[in-house]
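For reference, the chains in residue letters:
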Amino acid sequence: MIIQIGYRHFNLRRHEISKRDEIRKIVMTDMREIARLFIVFRRLSENNDSCVEDMFSRENLKQLIEAIQDMVEVERTENQEKKEKHGLKLMLDSIIMRSIKALSGYYSETLQDHKYKELKMFKIAYRHKSCELYSGARHQCHKNSKEKARKPDKLPSQSDMANLNNFIKMEIEESVDSFTAEKFAWLRSLVVARLTLYNARRGEEPARMLMKEWKDAEAGTWLPEESIESIQDDAEKYLIGQYKLVYIGGKGRKFVPVLVPNDLCPAMELLIKYRKDFGITDENGFLFATRSSMSHCSGWHAVSSVCEKAGMSIINATSNRHRLSTLYASLDMSPMDRKIFLDHMGHEESISKENYQCPQSVRTILVMGKMLDSACNGECFSYINIQFM
């Protein structure tokens, strides 16, 4: 039954070629976690004959909740407080809901109406209990996001980013000048790390760039000559000439834009030219391909290895996106520029504000400090009244 659940999940997205490896890992993780949950469930229920389907029954809901709690609880000594893995707990909730959806379709298709009706009632009971089961974990995850990820001192500093960028540029230049097949993997990591950090993209997005998508960028498919010629400002026209624009397939019909600076083009040409010498097959359609599979290299490992070689603490893609969103919030941008920025980041303005940006502490003091101080001295009541009339 676990295989059936995993097969349905994979089958829904198996046509997304550029994300196939990512989807495979997600499905494998789901199957592994549901299997672990079942092992704990069977141990707690003290019934060696129980099967996976028994977890999705109202009669065994209590045992399922106990299994979830047992699985997420962190081992502790006698004097320590009870702790749990909040992220894992929320992930289990998502996996259970996806499993319910998969089983509903399976029971309906195979005419198992009795099991289908019981599963439907189980879902109602489970969602009723989940309000008290997951509320604490959800609250703690939100709290951690506010207290840790969005604090300014948790973001990479401008000097660290500048030093890392200079290191990557020098390493790429040196690798291109003295390139051999042995340097292929290192050059690939450098290019992927540069694209990931420069564009503030998620870890695996530039890494899954397809050869076809890069060829379109080289040919200027997304930058028609007519559009470039219509630009009046010489500085803006020069700026456009400094980049290649790649659109990577995203969710559904969405595209993920990646700007490739021209100084990266020689390195990318070498990665294409020496693919076969490195052992990459012609069937692998990824630009940053690996020779061990039909997939692409890991964006996270590329950035991590480059940071380690530079002697710096790891600057991951998420913290870099937090940094850029915070910088964006401090700028006075036009509505059109703001829309382009949000489209590039791939999220709505509310998501950018609530999940990525650090609170605008300096601006809050500058703006509100003046206003409140004036109000306290009785100098701006007319202004306040006008604003709220």
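Reading the values: rules and limits
- Residues numbered from 1 in each chain as written.
- Predicted model: local features only at pLDDT ≥ 70, side-chain atom pairs only at ≥ 80, totals over all residues.
- Heavy atoms only, no water.
- Core = buried A, V, L, I, M, F, W, Y, C linked by side-chain atoms within 4.5 Å.
- Buried < 20%, exposed > 50% of the residue type's maximum accessible area, 1.4 Å probe, protein only.
- Helix = DSSP H or I, 4+ residues; strand = E, 2+ residues; numbered from the N terminus.
- Contact = heavy atoms within 4.5 Å.
- Phe/Tyr/Trp six-rings, centres within 6.5 Å; stacked < 30°, edge-to-face > 60°.
- Lys NZ or Arg CZ within 6 Å of the ring centre and 35° of its normal.
- Salt bridge = Lys/Arg side-chain N within 4 Å of Asp/Glu carboxyl O.
- Axes fitted to C-alpha atoms, helices over the stretch in contact; angles between N-to-C directions.
- Parallel < 35°, antiparallel > 145°, perpendicular 65-115°, else oblique.
- Left-handed = near helix turned anticlockwise from the far one by under 90°.
- Nonpolar A, V, L, I, M, F, W, Y, C, P; charged D, E, K, R; others polar.
- 1 Å grid on protein atoms, 1.4 Å probe; cavity = no way out; pocket = protein on both sides within 12 Å on 5 of 7 lines; lining within 4 Å.
- Points joined across faces, edges and corners; volume = space filled by probe spheres on them.
- Polar contact = N/O pair within 3.5 Å; in protein donor to acceptor, adjacent residues only side chain to side chain.
- Pairing = 2+ DSSP bridges.

## Describing the nonpolar core
- Ranked by internal contacts, the top residues of the largest apolar core, which has 46 residues, are Ile168, Val191, Met209, Trp214, Met268 and Phe288.
- At 9 residues, helix H7 (residues 184-198) tops the list of elements feeding residues into this core.
- Residues contacting Ile168, with those up to four places away along its chain left out, are Leu190, Ala193, Arg194, Leu197 and Val306.
- Met55, Phe56, Ile96 and Leu103 belong to the second largest nonpolar core, which has 32 residues in total.

## A few points about the packing of aromatic side chains
- Throughout the structure, instances matching the rule amount to 10 aromatic pairs.
- Residues Tyr106 and Tyr107 carry aromatic rings whose centres are separated by 6.0 Å and whose planes lie at 50° to one another, so their mutual orientation is tilted.
- Taking relative accessible area as the criterion, Tyr106 reaches 23% and is therefore assigned partly exposed.
- Between Phe122 and Tyr126 the ring centres are 6.0 Å apart and the planes differ by 20°, which places this aromatic pair in the stacked class. Here Phe122 pairs with Tyr126, and both are found in helix H5 (residues 113-149), just 4 residues apart, close to one helical turn.
- Residue classification places Phe122 among the buried positions, given a relative accessible area of 0%.
- Within the aromatic cluster, the residues linked to one another by ring pairs are Phe56, Phe122, Tyr126 and Tyr134.
- Across from the ring centre of Phe278, 4.2 Å away, lies the NZ or CZ of Arg291, which sits over that ring.

## Some thoughts on the pattern of salt bridges
- Summed over the entire model, instances satisfying the criterion amount to 15 salt bridges.
- With a shortest N-O distance of 2.8 Å, Arg98 and Asp30 are connected by a salt bridge. One end of the pair, Arg98, is in helix H4 (residues 86-109); the other, Asp30, is in helix H2 (residues 20-45), and 68 residues separate them in sequence.
- According to the relative accessible area criterion, Arg98 is partly exposed, its value standing at 36%.

## Considerations on the packing of helix H8 (residues 211-218) against helix H11 (residues 265-273)
- For the pair H8 and H11, the least separation of the axes is 13 Å and the interaxial angle reads 140°. With respect to each other, H8 and H11 are oriented oblique. The handedness of the crossing between H8 and H11 comes out as left-handed. Touching Met211, Trp214, Lys215 and Glu218 of H8 are Cys265, Met268, Glu269 and Ile272, all from H11.
- Tallied by class, the residues present in the contact of H8 with H11 amount to 5 nonpolar, no polar and 3 charged.

## Section: the layout of surface pockets
- Taken as a whole, the largest pocket spans an internal volume of roughly 1700 Å³.
- As for the largest pocket, its lining consists of 43 residues, of which Arg201, Pro257, Ile340, Asp343 and His344 are closest to the centre.
- Listed by contribution, the elements that provide at least two residues to the lining of the largest pocket are H2, helix H9 (225-229), helix H10 (234-240), strand E1 (243-249), strand E2 (255-261) and helix H15 (335-345).
- The biggest single contributor to the lining of the largest pocket is H15, with 6 residues.
- Per-class residue counts for the lining of the largest pocket are 21 nonpolar, 6 polar and 16 charged.

## Side note on the side chain of Asp93
- Within the secondary structure layout, Asp93 lies in helix H4.
- With a relative accessible area of 7%, Asp93 lands in the buried category.
- Polar side-chain contacts of Asp93 include one of 2.7 Å to the side chain of Tyr126.
- Dropping the residues within four chain positions of it, Asp93 is found in contact with Tyr126, Arg127, Tyr134 and Arg138.

## Let's talk about the environment of Ile168
- Relative to the elements of secondary structure, Ile168 occurs in helix H6 (residues 158-177).
- Using a relative accessible area of 1% as the deciding quantity, one classes Ile168 as buried.
- Distance in space between the C-alpha atoms of Ile168 and Lys309 is 9.9 Å, their sequence separation being 141 residues.

## Re the pairing of E2
- For E2, the tally of buried residues reaches 5 of 7 residues, placing the bulk of the element in the interior.
- Where E1 lies against E2, 7 bridges are found, and the strand directions are antiparallel. Looking at the pairing, Val246 lines up with Val258 of E2.

## Let's talk about the packing of H2 against helix H3 (residues 61-72)
- Two elements in contact, H2 and H3, have axes whose closest approach is 9 Å; the angle formed by their N-to-C orientations is 115°. Both H2 and H3 take part in a crossing whose hand is right-handed. Note on element contacts: H3 touches H2 through Gln63, Leu64, Glu66, Ala67, Ile68, Asp70 and Met71, opposite Glu33, Arg36, Leu37, Val40, Phe41, Arg43, Leu44 and Ser45.
- Looking at the contact of H2 with H3, its residues break down into 8 nonpolar, 2 polar and 5 charged.

## Quick look at the side chain of Glu84
- Examined against the element boundaries, Glu84 turns out to sit in the loop between H3 and H4.
- Polar side-chain contacts of Glu84 include one of 3.2 Å to the side chain of Lys89.
- If we skip the residues at most four places from it in the chain, Glu84 touches Gln69, Val72, Glu73, Val74, Lys89 and Ala137.

Read these as spatial facts, not as claims about activity.
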